[in-house]
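A closer look at the structure
Below, each chain spelled out in residue letters.
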Amino acid sequence: MTVRIGFAGAGGVAVTHLLNLLRLQDAEVVAIHDVDSDRIAACVRRVNGQQDLGARSGDDTRRLRPKAYTDYRAMIAEAGLNALYICTPPSVRGAIEMAAIEEDVALCVEKPVALRLDIAREIAGAIRDRNLVSSVCYQVRYSEAVVDAHKALGARPVAMGLGFMLGGVPSAPWWRVHAQSGGQIVEQATHAVDLMRAFMGEVVRVYGAGALRVHGEMPGFDIHDTGASVLHFASGAVGTLVTTSVLGGGSTAGFPTGLHLFAADYRVEVWGGTLKVVTPDRTDEYRYRASPMLALDTDFVDAVKRRDPARVRTPYGDALRTLAVTLALDESARTGKVTDVPRV
Ligand SMILES: NC(=O)c1ccc[n+]([C@@H]2O[C@H](COP(=O)([O-])OP(=O)(O)OC[C@H]3O[C@@H](n4cnc5c(N)ncnc54)[C@H](O)[C@@H]3O)[C@@H](O)[C@H]2O)c1
């Protein structure tokens, strides 16, 4: 079976998935929807341009030839999709997913799954009711570094986790607008929070502080550009999350990234391509080259082919819980109040 795939949203991240899917013989991208038809054309040009470059060095020569749609309903009605990638900005979530679910189309959804819990809950419920395959792009969970970190930690209880998301302002104009991105924790540090949950279990309560210290003059910028939060886990463990978008270029050099986990006489630092394991006797560092996003896309296509939702490591229902934590973190940083994470 060839998995017939559609896209909603033809921006930066769509290009990454499209290049991956061209490498999978069982996948065919047949349709792309975007409200802006120029974005679809530019996206297809970019992907096929990359393929041309690859072909010159003897690599895969497949090209993308999707039908373009500015109306997602028409795409879902006509294109005979088995699966749909949702790559719209996070504020544009709900209607497209529900229309696809009604036609039993599997979903691969970019993080964060939504900016409102009620929207995400409804989608999660509909996916569960129809037993559809779903995946959310928390690709770090697919990294070999994370797989090896789980093996290294084994059954050791994690006492504390420190999450870091330090960088600059992404180029997408919606990113700096709270109503469109949810802010840095909800949109970006969500990867670190999701990974904390993978290693440390559920978060029950949070409190945080946030500030706008540097980017206040940037047009439209209404989110915090720095933040520091504390997380309480159901296990009794604690964590911190620090975020900033005031650094650019190489100014993050020397600072920690990703997630640091502390167990008795044992420390693990892990992110997409790196793993460090520190014990009293030795420090081992590993680097990995495999693309976690390619692994996620491959697994999703496989799961759709086999109609097996359980194959996916990052199903929608689980990502819903990460959203609940990040929304609580954002609320706490904005109100200054200790905030319980709602059960979802
Ligand atoms: N997993 C990751 O590491 C990762 C990396 C980057 C982005 N993302 C996520 O991917 C999503 C998209 O990010 P991006 O960087 O590609 O953004 P982008 O701005 O580059 O692309 C978004 C696209 O959606 C289109 N769009 C806007 N409103 C629409 C609507 N109502 N219907 C259909 N299309 C619409 C825009 O025209 C644009 O082409 C976000 O949720 C972001 O958080 C994830």
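See above for the structure.
1. Some remarks on empty space enclosed by the protein
- A full pass over the atoms with the stated rule returns one cavity of 30 Å³ or more.
- Considered as a void within the structure, the largest cavity measures approximately 100 Å³ in volume.
- Looking at the largest cavity, the residues that line it are Gly 183, Gln 184, Ile 185, Ala 209, Gly 210, Ile 223, His 224, Thr 226, Gly 227, Thr 243, Asp 330 and Ala 333.
- Put simply, the parts of the chain that give the lining of the largest cavity at least two residues each are helix 8 (184-187), strand 8 (203-211), strand 9 (226-233) and helix 11 (316-335).

2. Remarks on the packing of helix 1 (residues 12-22) against helix 2 (residues 37-56)
- One can describe the packing of helix 1 onto helix 2 by two numbers: an axis separation of 10 Å at closest approach and a directional angle of 45 degrees. Between helix 1 and helix 2, the angle falls in the class oblique. The element helix 1 and its partner helix 2 pack so that their crossing is right-handed. Residues Gly 12, Val 15, Leu 18, Leu 19 and Leu 22 of helix 1 lie in contact with helix 2, whose contacting residues are Arg 39, Cys 43, Arg 46, Val 47, Gln 50 and Gln 51.
- Residues belonging to the contact of helix 1 with helix 2 are distributed by class as follows: six nonpolar, three polar and two charged.

3. Describing the site of the ligand
- Surveying the vicinity of the ligand reveals 25 residues, the closest of which are Asp 34, Arg 39, Gln 139, Trp 174 and Glu 187.
- Here Asp 34 contributes a side-chain N or O atom positioned 2.7 Å from an oxygen atom of the ligand.
- Residue Cys 137 places a main-chain N or O atom 3.3 Å away from a nitrogen atom belonging to the ligand.
- In isolation the ligand offers 840 Å² of accessible surface; the protein chains occlude 80% of this area.
- More than half of the atoms of the ligand fall within 2 Å of the grid points belonging to the largest pocket.
- For the shell around the ligand, the class distribution of residues is 12 nonpolar, seven polar and six charged.
- Counting contributing residues, the shell around the ligand receives three or more from each of domain 1 (3-139 + 292-315) and domain 2 (140-290 + 324-340).

4. Topic: the layout of surface pockets
- What the largest pocket holds in volume is close to 750 Å³.
- What lines the largest pocket is a set of 34 residues, and nearest its centre among them are Gly 12, Cys 87, Thr 88, Pro 89 and Trp 174.
- The element that contributes the greatest number of residues to the lining of the largest pocket is helix 1, accounting for three residues.
- Residue composition of the lining of the largest pocket, by class: 18 nonpolar, nine polar and seven charged.
- Viewed by domain, the lining of the largest pocket spans two of them, domain 1 (3-139 + 292-315) and domain 2 (140-290 + 324-340), each represented by three or more residues.

5. Overview of the sheet that holds strand 6 (residues 134-136)
- A sheet is described by the order of its strands in space; here six strands give the open sequence 3-2-1-4-5-6, paired in parallel fashion. Taken across any chain shown, the strands that pair with only one partner, and hence form the sheet edges, are strand 3 (67-69) and strand 6. In this sheet, adjacent strand axes meet at a mean angle of 20 degrees when their direction is disregarded.
- The pairing of strand 5 (residues 106-109) with strand 6 spans three bridges and is classified as parallel. Residue pairing across strands places Leu 107 opposite Ser 134, the latter belonging to strand 6.

6. Re the nonpolar core
- Counting residues in each nonpolar core, the largest one holds 71 residues, and the members touching the most others are Leu 84, Phe 199, Leu 231, Val 268, Val 270 and Tyr 316.
- Sort the elements by how many residues they give to this core and helix 11 lands first, with eight residues.
- Structurally, this core is a two-domain feature, drawing no fewer than three residues from each of domain 1 (3-139 + 292-315) and domain 2 (140-290 + 324-340).
- Those residues in contact with Leu 84 that sit more than four places away from it in its chain are Gly 6, Phe 7, Ala 8, Met 75, Ile 76, Ile 96, Ala 100, Val 105, Ala 106, Leu 107 and Cys 108.
- In this structure, Leu 18, Ala 106, Met 293 and Ala 303 belong to the second largest nonpolar core, which totals 33 residues.

7. Quick notes on the packing of aromatic side chains
- Tallied over the full model, the rule gives two aromatic pairs.
- Considering the side-chain rings of Phe 7 and Tyr 85, the 4.7 Å spacing of their centres and the 5 degrees angle between planes classify their relative orientation as stacked. Taken together, the residues span a long stretch of sequence, with Phe 7 in strand 1 (residues 3-8) and Tyr 85 in strand 4 (residues 83-86) at a distance of 78 residues. The two residues Phe 7 and Tyr 85 agree in class, both being buried.
- The class of Tyr 85 is buried, set by a relative accessible area of 0%.
- Among the aromatic side chains, those forming a connected cluster through ring pairs are Phe 7, Tyr 85 and Phe 300.
- Sitting above the plane of the Tyr 266 ring, Arg 156 keeps its charged end 3.6 Å from the centroid.

8. So, the packing of helix 1 against helix 10 (residues 292-306)
- Between helix 1 and helix 10, the least distance of the axes is 9 Å, while the angle of their chain directions is 65 degrees. Seen from above, helix 1 lies across helix 10 with right-handed handedness. Residues Val 13, Thr 16, His 17, Asn 20 and Leu 21 of helix 1 lie in contact with helix 10, whose contacting residues are Met 293, Leu 294, Asp 297 and Val 301.
- Across the contact of helix 1 with helix 10, the residue classes break down as five nonpolar, three polar and one charged.

Reading the values: rules and limits
Residues numbered from 1 in each chain as written. Predicted model: local features only at pLDDT ≥ 70, side-chain atom pairs only at ≥ 80, totals over all residues. Heavy atoms only, no water. 1 Å grid on protein atoms, 1.4 Å probe; cavity = no way out; pocket = protein on both sides within 12 Å on 5 of 7 lines; lining within 4 Å. Points joined across faces, edges and corners; volume = space filled by probe spheres on them. Helix = DSSP H or I, 4+ residues; strand = E, 2+ residues; numbered from the N terminus. Axes fitted to C-alpha atoms, helices over the stretch in contact; angles between N-to-C directions. Parallel < 35°, antiparallel > 145°, perpendicular 65-115°, else oblique. Left-handed = near helix turned anticlockwise from the far one by under 90°. Contact = heavy atoms within 4.5 Å. Nonpolar A, V, L, I, M, F, W, Y, C, P; charged D, E, K, R; others polar. Near = heavy atom within 4 Å. Polar contact = N/O pair within 3.5 Å; in protein donor to acceptor, adjacent residues only side chain to side chain. Areas by Shrake-Rupley, 256 points an atom, 1.4 Å probe, with all protein chains shown as cover. Sits in = over half its atoms within 2 Å of the grid points. Domains from an automatic or database assignment. Pairing = 2+ DSSP bridges. Core = buried A, V, L, I, M, F, W, Y, C linked by side-chain atoms within 4.5 Å. Buried < 20%, exposed > 50% of the residue type's maximum accessible area, 1.4 Å probe, protein only. Phe/Tyr/Trp six-rings, centres within 6.5 Å; stacked < 30°, edge-to-face > 60°. Lys NZ or Arg CZ within 6 Å of the ring centre and 35° of its normal.

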